[in-house]
Amino acid sequence: QVQLVESGGGLVQAGGSLRLSCAASGRTFSTYSMGWFRQAPGKEREFVAGISWSGGNTYYTDSAKGRFTISRDNAKNMVYLQMNGLKPEDTAVYYCAADPLSTLPRTKAFNYDTWGQGTQVTVSS
């Protein structure tokens with residue numbers, strides 16, 4: 001079992017950038033696929049980006065393609081989400097999550113069994 005702690009959220013103007021970090025504890029982190037999700041007020045939690053255990057495969061939701069980049073450093077037990085060209089509609093609480101059962105990133109939240117506490121991202125227009 002891993003534990004996850006996100007950081008790096010904040011307030012940024014439209015067009016700006018943020019880099020979210022997710023620190024993982026646990027010896028099996030490098031065997032997990034990882035994902036970033038977000039949840040805006042009054043909306044369901046939605047998939048943003050995912051990465052395989054090796055980092056060799058990544059997947060993005062359409063709204064994130066070309067703007068966001070997910071990466072991981074297994075030696076440091078870290079997962080990152082670089083977000084560029086932020087828009088007001090990106091405002092949400094962002095969560096990282098661990099999927100222990102798939103070698104490839106999956107998009108459904110129910111596939112992930114461990115979640116961080118979330119970090120707030122607010123993009124002003």
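Fair warning: this is a prediction, and the values are worked out from it, not measured in the lab. (Residues numbered from 1 in each chain as written. Predicted model: local features only at pLDDT ≥ 70, side-chain atom pairs only at ≥ 80, totals over all residues. Heavy atoms only, no water.)

Enquirer: Just checking my understanding: could you explain the nonpolar core for this structure?
Expert: Looking at soluble globular proteins, one finds that nonpolar side chains tend to be buried together. Counting 29 residues, the largest nonpolar core has Met34, Trp36, Leu81, Met83 and Tyr94 as its most contacted members. For this core, the elements supplying multiple residues, two or more each, are strand S3 (18-25), strand S4 (33-39), strand S5 (46-51), strand S7 (68-73), strand S8 (78-83), strand S9 (92-99) and strand S11 (119-124). (Core = buried A, V, L, I, M, F, W, Y, C linked by side-chain atoms within 4.5 Å. Buried < 20%, exposed > 50% of the residue type's maximum accessible area, 1.4 Å probe, protein only. Helix = DSSP H or I, 4+ residues; strand = E, 2+ residues; numbered from the N terminus.)

Enquirer: Would you mind going over unusual backbone geometry with me for this structure?
Expert: Leaving glycine out, the prevailing phi sign among residues is negative, and the prevailing peptide bond configuration is trans. Of note, Asn77 is a non-glycine position whose phi angle comes to about 55 degrees, a positive value. Turning to its location among the elements, Asn77 is positioned in the loop between S7 and S8.

Enquirer: Would you take a moment to explain the state of the cysteines for this structure?
Expert: Each disulfide consists of a covalent bond between the sulfur atoms of two cysteine residues. As enumerated under the stated definition, the model contains 1 disulfide in all. Residue Cys22 pairs covalently with Cys96 via a disulfide, S to S 2.0 Å. As the torsion about the S-S bond is roughly 50 degrees, the Cys22-Cys96 disulfide counts as right-handed. Of this pair, Cys22 sits in strand S3 while Cys96 is found in strand S9, placing the two residues 74 residues apart along the sequence. Note on Cys96: relative accessible area 0%, which makes it buried. (Disulfide = S-S within 2.5 Å.)

Enquirer: Quick question: what am I supposed to make of the sheet that holds S3 here?
Expert: Either a parallel or an antiparallel arrangement is found when strands of a sheet pair, and the pairing is made through backbone hydrogen bonds. As summarised here, the arrangement of the 4 strands in space is S1-S3-S8-S7, forming an open sheet in which the pairing is antiparallel. Strands with a single pairing partner mark the edges of an open sheet, and in this sheet they are strand S1 (3-7) and S7. If you compare each strand with its neighbour and ignore which way they point, the axes differ by 15 degrees on average. When S7 meets S8, the two strands line up antiparallel, connected through 6 bridges. Directly across from Phe68, in S8, lies its bridge partner Met83. (Pairing = 2+ DSSP bridges. Axes fitted to C-alpha atoms, helices over the stretch in contact; angles between N-to-C directions.)

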